[in-house]
Amino acid sequence: MEVKSGEIESIGRRVGLLYDERMCKHQTPDGDDHPENPNRITAIWNNLQNANIPQRCVVLNAKEAEDKYILSVHTQNHVNLIRNISSKKFDSRRNKIASKLNSIYFNEGSSESAYLAAGSVLELAERVAKGELNSAFAVVRPPGHHAEQDEAMGFCLYNNVAIAASFLLNEKPELGIKKILIADWDVHHGNSTQKMFWKDSRVLFFSVHRHEFGTFYPANDDGFYTMIGEGPGAGYNINVPWENGRCGDADYLAVWDHIMVPVAKEFDPDMIIISAGFDAAIGDPLGGCCVTPYGYSVMLKKLMDFAQGKILLALEGGYNLDSISNSVLACMEVLLEDKPINGSSEAYPFESTWRVIQAVRHKLSAFWPALAEELPIKLTNQKFLPPHMISSSDSEDDETPHVSENLVAAVQDVIEPLLKLKVEDSHAHLVSEPTPWRLELSKVEVWYATFGSNMWKSRFLCYIEGGQVEGMIKPCSGSMDRTTPKEILWKTFPHRLFFGYESTHTWGPGGAAFMNPESNSKDRTYMCLYRITLEQFNDVLLNENSLGCDMNSPLFDMTDLNSVTTKGSMCLECLKKGRYQNVVYMGKECDIPILTMTCPLTDVESFKSGKLPLCAPCIKYANTLIKGLVEGKQFSEEEAMAYIQEASTKSL
């Protein structure tokens, strides 16, 4: 690997910096806009050059990783695909292959870029491990922490960080790197890295990410705090899953102080590799969080107290060019240690942040004694107050709680800069304000007609207000607008209720309720109608389908509403992997459209043929339907049980 810088002005730490424009060759095949694009690394590099950072670093060119090292974490079939996908023989089927993968594109430059990214991180890891560099930053793409052992996903082709960690542990034992801390602060869970070291006590994998009970990408339970590793690796996998977006410096630093740092002290790593995604940065169009460059610099500074400062950062996500560039610059200044960290973060964490921290500490306390102590109530009572909760009034009659002037000033110091920061992407709106589509759809009312567990009001309110009722495996995060329904009423419709599949995300084993989209005068389904906004209907759609979508745009907008009232039903392409992707128009009530969501007609045919299994609901799930029907005064308990029984057993 060629060293490009002739002199290193800094006489302190030797900091490696790697950037290679060849990694810009990986781009969408037709030049379509995409958040993971070459501008990400060019913007970072240009910003670093403007700040004269490269002149103070050991600047390196990239070289491709060897297959034998990639095969330590990926299968031969996967390596064969990525090696050859850019060749001419794949020209005619490259797009088709990509379409079958999760959030992936390929072009003629993808293979080279993937090999350069993996090789760059591996090379820098070896140089830091040898002591040739004190620390380093790999400005690479495509990112890696989602790339599974046998499949590309989530913009990622090879798991760059996992390849480097495996190389140090298994190929270079003479370097003395026996324990590695992988800290993943990307806003999305590092699903692949977790699996690759699931049973390995030599790697402590730590990920802090938006999770929202499995609805945020990658939309599964892998990132929940109960996923702690297995066998020798039990306790060496730590997930901190945010229940909501908008988490900022205070939330992340609370996690660092009360989980990361105490565990790092006990683990005592020989080296630290950071999956440095910056999509939790303020203004990111996919992340929806509010971490500032100052926040990233403090997190990094705290980690430099370990492993003699042997730290390698490898770029993962981050899609706002200003935020990612400034955040990387802040981290480079920390690595160079040439000036003090400027800034402050005086706001308190969200209430949900303390709840998550305490849950993680409790779950891991058997493995890490430093987490066993209960956090002081005085500490966990320090919760973030949104602007509308702040008041300077001393009147006891004021409905808004009184807050001290010092706290008002502290919160405003943090809030005001956020209100002024604009997102540089296709959505030109203030970060702290609701997205334009939410403002528009919040003014439109619909009836949401429910035929399953949502017939019980308490269960449905979990989707609006958050929380869970008895029998649910995990709580819901709630809607952004938590206003309760303006009105509730009951109606019957000439459609067939039935139960299918063998399990659900919310209730576990047992069938889920569906309604045949086609009407039949011989059938009758009881439905509870909730008068909510079209904005809330979008949030319910997302939750019902248990999918992780970044809601920068609506799943179902005014155009869709006008279309479905004409066509009668429509399957949403954005929810094609969900079970309730079919929105069905059921008429109007008080001139307000009635909508429900169910499976497509093609699924009904699959249920009829046996391709998809029909299955009775579990007892806990059935009980919610019964409670809804009884409390809604549609049936007695016995009649409700008979209604559910008939729907469970009657053939399609």
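Rules used throughout
- Residues numbered from 1 in each chain as written.
- Predicted model: local features only at pLDDT ≥ 70, side-chain atom pairs only at ≥ 80, totals over all residues.
- Heavy atoms only, no water.
- UniProt positions renumbered as here; feature names shortened; annotations may be inferred.
- Helix = DSSP H or I, 4+ residues; strand = E, 2+ residues; numbered from the N terminus.
- Buried < 20%, exposed > 50% of the residue type's maximum accessible area, 1.4 Å probe, protein only.
- Contact = heavy atoms within 4.5 Å.
- Core = buried A, V, L, I, M, F, W, Y, C linked by side-chain atoms within 4.5 Å.
- Phe/Tyr/Trp six-rings, centres within 6.5 Å; stacked < 30°, edge-to-face > 60°.

The protein chain is annotated in an unreviewed UniProt entry as histone deacetylase from Dipteronia sinensis. Here is the UniProt Catalytic activity (unreviewed entry) comment for the protein chain, exactly as written: "N(6)-acetyl-L-lysyl-[histone] + H2O = L-lysyl-[histone] + acetate". The record held by UniProt for the protein chain lists under Subcellular location (unreviewed entry) the comment "Nucleus".

Once that is clear, we can look at the environment of Gly-309. Inspection of the secondary structure assignment puts Gly-309 in the loop between helix H9 (293-303) and strand S8 (311-315). Given a relative accessible area of 2%, Gly-309 falls into the buried group. Between the C-alpha atoms of Gly-309 and Arg-13, which are 296 residues apart in sequence, the distance is 9.7 Å. With near-sequence residues (within four places) excluded, Gly-309 lies in contact with Arg-13, Asn-134, Ser-135 and Met-304.

Quick look at helix H15 (residues 457-465) now. When we look at burial in H15, the residues that qualify are Arg-459, Phe-460, Leu-461, Cys-462, Tyr-463 and Ile-464. Against strand S9 (445-450), strand S15 (525-533) and helix H16 (534-544) lie the buried residues of H15. With its phi angle positive at about 90°, Gly-466 sits one or two positions after the end of H15.

Membership of the largest hydrophobic core comes to 128 residues, with the highest contact counts inside it found for Phe-137 and Trp-185. Ranked by size, the runner-up nonpolar core spans 72 residues in total, among them Ile-464, Phe-537, Met-597 and Ile-626.

Moving on to the packing of aromatic side chains. Evaluated as defined, the whole model comprises 29 aromatic pairs. Arranged with centres 4.9 Å apart and planes meeting at 10°, the rings of Tyr-19 and Trp-45 form a pair that is stacked. Here Trp-45 lies in helix H1 (residues 39-50) and Tyr-19 lies in the loop between strand S1 (15-18) and H1, a separation of 26 residues in the sequence. The exposure class assigned to Trp-45 is buried, which follows from its relative accessible area of 11%. Between Tyr-236 and Trp-368 the ring centres are 5.4 Å apart and the planes differ by 80°, which places this aromatic pair in the edge-to-face class. Placement of Tyr-236 in the loop between strand S5 (203-210) and strand S6 (237-242) and of Trp-368 in the loop between helix H11 (351-364) and helix H12 (377-380) is noted, with a sequence separation of 132 residues between them. Residue Tyr-236 is classed as partly exposed on the basis of its relative accessible area of 24%. On the basis of relative accessibility, which here comes to 5%, the residue Trp-368 falls in the buried class. Within the aromatic cluster, the residues linked to one another by ring pairs are Phe-137, Trp-185, Phe-206, Trp-256, Phe-278 and Tyr-296.

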